[in-house]
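Here is what each chain is made of, one letter per residue.
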Amino acid sequence: MTGKKVTRRKFVADTSKIGLGVMIVPRHVLGGVGFQAPSDTINFAVVGFGGMGSENALELAKTQNLVAFADVDFAFSESKVNEKLKDDQKRDRPEGITLKQKFEKAARYSDFREMLDKQKDIDGVVIATPDHLHAVVAKSAMQLGKHVYVQKPLTYSVHEARVLRDLALANPKIVTQMGNQGHSMEGARLVNEWIQAGVIGPVRDVHVWTNRPVVYWPQGVPRPMGGPPPAPPPSPFGNPFSFRQVNQLLASAMGSYPVPPGLRWDLYLGPVAEDVPYHPIYHPFNWRGWIPFGVGALGDMGAHLIDHPFWALGLTYPTSIEATSTQWGTMPIPPDPKAAAGSREARGYNKPVSYPVATAVHYQFPARGSQPPVKLNWYDGGLYPPRPDILPDDVTLKSEGGVIFIGDKGILMHDTYGANPRLFPVSLTENASLVPRTYTRIPWSHEMNWVKAIKGETKSSSPLEYAAQLTETMLLGIVALRTGQGRKILYDGEKMLVTNIPDANQYLTREYRAGWAV
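Criteria and cut-off values
All chains use their own residue numbering, which begins from 1 and follows the written sequence. Reporting of local features is limited, given that this is a predicted model, to residues whose pLDDT is at least 70; pairs of side-chain atoms are given and counted only at 80 or more, and all residues count toward the totals for whole chains, interfaces and linings. In computing side-chain properties, one takes all heavy atoms of the structure into account and sets aside hydrogens as well as water. The rule for a salt bridge is simple: a side-chain nitrogen of Lys or Arg has to be within 4 Å of a carboxyl oxygen of Asp or Glu. Think of it this way: any DSSP run of H or I at least four residues long counts as a helix, any run of E at least two long counts as a strand, and we number them from the N terminus. Per-residue accessibility, obtained with a 1.4 Å probe over protein chains only, is compared with the maximum for each type, and a residue is labelled buried under 20%, exposed over 50%, and partly exposed between these values. A contact between two residues is defined here by any heavy atoms of the two lying within 4.5 Å. Two strands pair under a simple rule: DSSP has to find at least two bridges between them. The path from the first strand over the helix to the second decides the hand: if it runs clockwise while the strands point away from the viewer, the crossover is right-handed. Axis definition: a line fitted to C-alpha atoms, over the contacting stretch in the case of helices. Angles run 0 to 180 degrees between N-to-C directions. Definition of nonpolar core: a set of buried residues of the types Ala, Val, Leu, Ile, Met, Phe, Trp, Tyr and Cys, connected through side-chain atoms within 4.5 Å. Each cavity reported here is a set of points on a 1 Å grid over the protein atoms alone in which a 1.4 Å probe fits but cannot get out, each pocket an open set with protein on both sides within 12 Å along at least five of seven lines, and each lining residue one with an atom within 4 Å of a point. Grid points are joined across faces, edges and corners, and a volume is the space filled by probe spheres set on the points. Stacked, tilted and edge-to-face pairs are distinguished by plane angle, under 30 degrees for stacked and over 60 for edge-to-face with tilted covering the rest, among Phe, Tyr and Trp rings (Trp via its six-membered ring) whose centres lie within 6.5 Å. In our convention, an over-ring charge means Lys NZ or Arg CZ found within 6 Å of a ring centre and within 35 degrees of that ring's normal.

(A) Broad picture of the pattern of salt bridges. Counting across every chain of the model gives 26 salt bridges. Arg513 is the salt-bridge partner of Asp275, the closest N and O atoms lying 3.1 Å from each other. One end of the pair, Asp275, is in the loop between α11 (265-269) and α12 (296-305); the other, Arg513, is in the segment after β17 (497-498), and 238 residues separate them in sequence. The exposed category is assigned to Asp275, whose relative accessible area is 61%. Salt bridges linked by common partners bring Lys152, Arg212, Arg288 and Asp300 together as one network.

(B) Region of interest: the environment of Pro318. Secondary-structure assignment places Pro318 in the loop between α13 (307-312) and β8 (320-325). Relative accessible area serves as the criterion here: at 1%, Pro318 is assigned to the buried category. Between the C-alpha atom of Pro318 and that of Ser110, which follows or precedes it by 208 residues, the distance is 39 Å. Apart from the residues lying within four places of it in its own chain, the contact partners of Pro318 are Tyr363, Gln364, Phe365, Thr473, Leu476 and Tyr491.

(C) Structural detail: the pairing of strand β5 (residues 147-150). Residues His147 and Tyr149 of β5 are buried on one face, and the alternating residues Val148 and Val150, pointing to the opposite face, are buried as well. Where strand β4 (residues 124-127) lies against β5, four bridges are found, and the strand directions are parallel. Each residue of the ladder has a partner; that of Gly124, found in β5, is His147. With respect to chirality, the unit in which β4 leads through helix α7 (residues 134-143) into the neighbouring parallel β5 is right-handed. Examined bridge by bridge, β5 and strand β6 (residues 176-178) share three bridges and lie parallel to one another. Its bridge partner being in β6, Val148 is matched across the sheet by Thr176. On the question of chirality, the crossover connecting β5 to the parallel β6 by way of helix α8 (residues 158-170) is right-handed.

(D) Summary view of the sheet that holds β6. Here six strands make up an open sheet; going across it, the order is β3-β2-β1-β4-β5-β6 and the pairing parallel. Since the sheet does not close on itself, it has two edges, and those belong to β3 (107-109) and β6, each with one partner. Along the sheet, successive strands turn relative to each other by an average axial angle of 20°, direction set aside. Contacts from helix α5 (residues 94-105) reach β2 (65-70) and β3, with the element oriented near 60° to β2.

(E) Quick look at the nonpolar core. Core analysis: the biggest nonpolar cluster contains 91 residues, and Met115, Ile195, Ile200, Val206, Ile306, Trp378 and Phe405 have the highest contact counts within it. When sequence neighbours within four positions are dropped, the list of residues in contact with Trp378 reads Val208, Thr210, Ala297, Leu298, Met301, Gly302, Leu305, Ile306, Thr359, Ala360 and Val361. With 22 residues, the next largest nonpolar core counts Phe49, Leu99, Ala106 and Val451 among its residues.

(F) Here's a closer look at the pairing of strand β1 (residues 43-47). The element β1 is largely enclosed, with a buried count of five among its five residues. One ladder, built from five bridges, connects β1 with β2; its direction is parallel. What sits directly across from Val47, in β2, is Ala70. With helix α3 (residues 52-60) bridging β1 and its parallel neighbour β2, the resulting β-α-β unit is right-handed.

(G) Just empty space enclosed by the protein, in detail. Considering all chains together, one arrives at two cavities of 30 Å³ or more under this definition. Volume-wise, the largest cavity comes out at about 70 Å³. Looking at the largest cavity, the residues that line it are Gln219, Val295, Gly296, Ala297, Leu298, Tyr355, Pro356, Thr359, Asp380, Ile478 and Leu481. Listed by contribution, the elements that provide at least two residues to the lining of the largest cavity are α12 and α17 (464-483).

(H) The arrangement of the packing of aromatic side chains in detail. With the rule as written, the count across this model stands at 21 aromatic pairs. Here the aromatic rings of Tyr282 and Phe293 are separated by 5.5 Å at their centres, their planes lie at 65°, and the arrangement is edge-to-face. Taken as a pair, Tyr282 in the loop between α11 and α12 and Phe293 in the loop between α11 and α12 lie far apart in primary sequence, 11 residues in all. As far as the burial class goes, Tyr282 and Phe293 line up, both buried. Measuring from ring centre to ring centre gives 5.8 Å for Trp328 and Tyr355, while their planes differ by 40°; the resulting arrangement is tilted. Of the two residues, Trp328 sits in the loop between β8 and β9 (329-333) while Tyr355 sits in the loop between β10 (349-354) and β11 (359-365), which places them 27 residues apart along the sequence. Judged by relative accessible area, Trp328 falls into the buried class, the value being 15%. What makes Tyr355 buried here is its relative accessible area of 3%. What links up through ring pairs into an aromatic cluster is the set Trp265, Tyr268, Tyr278, Tyr282, Trp290 and Phe293. The ring of Phe74 has Arg108 lying over it, and the distance from NZ or CZ to the ring centre is 5.3 Å.

See below:
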């Protein structure tokens, strides 16, 4: 594969060219039914084995070779592998046993950089770290010629999405895939065919919603801090328990914790410029809601929900974005006597540290050829879109989320991952049944689609060339949110520039720790 002088498959191919082909016996004769020759096996590594990393590895390890993994918390990785040994009925799970066997044989590293430097037999890398590390790891792997499967969201920032996209375009032999598995499913293809055949007519409005982060991870909460809370300031209302004081009490109540043995917190922080003290509220999983590590519900579920209207409608860069939300989680920054008089630093201020519980974002997209402009509306944290008048009263908007396309002739509605697409009025279903299949179906998992693309047997379903622009659109919602309530940002996608509020451009990237910049 790429990154090695001679690959296993290239060796076989080259020997056939010099007359040794007659010596090659068909692999099914050598190994029996179901045997897979080493030349058809991909050596893969995983960075970030807990959570989705172990899920991706579970699928890949059925037929491919896990040679190494990197994780900052081996104990957590091992626990996720052990969870997969039994099914829900406590019966042995063959694929889980296979994963366990390969996991125990794989080389393990705390630092992915060491793994990439030392492990020369890696063909492809699965990247399933927290969001803030995705681009750092993916760029390093791609620069070494490794194929990459990057969990969603592809990157932490708009800038990082552009960097990875440019790298993918400059290296077309590197096979890439973002982990938005719904992009490979049947429902997504039906949605595309129905929309593009005009079953519901021209689409001008789309509504997207998810219940994340409610019940999944905390947002809108202050950063934990050790020590007692400050004394409450005098209150003109006679009650010192202001919102700010309650937050400070909560931050104090969460306390402080030592870094657990075996956890490399320094490597967990990676590119984060500030020294965030360890706390179990961040790791594992809950990192999604914290600004240094994640990009909230938009990053978590936007790739599964915004994906389908973005793809089906052929959307490109939005021209304007505005966002509103509930309260951010903050930490108090005390006054700085050295700061310029009258500045917020001189006065002291509340620094946002965790995303709001609920957010609404509104994107405007331009017309595309004969297709009209589109307004795409995002709602999370328990907020729901308005019900279209044409939607029957007995149809429930599912709490876990979905998408509604509003066309001139009717509406198309589907669940997360593009699942269960349905039409209203239901009379449109007959028209939909006559629409020919124009999108190739993928009979394998999203992970195996990536593997088969590496082997040259197909194309990857969600390559970086597509996934980066989808991710950029998602993250522009975060940019608008951080720019401030009640404001609209105007965006020039070709220049990657917010044109009307210069200060907003700082949110297109991030400050990096020395040596970690993308």
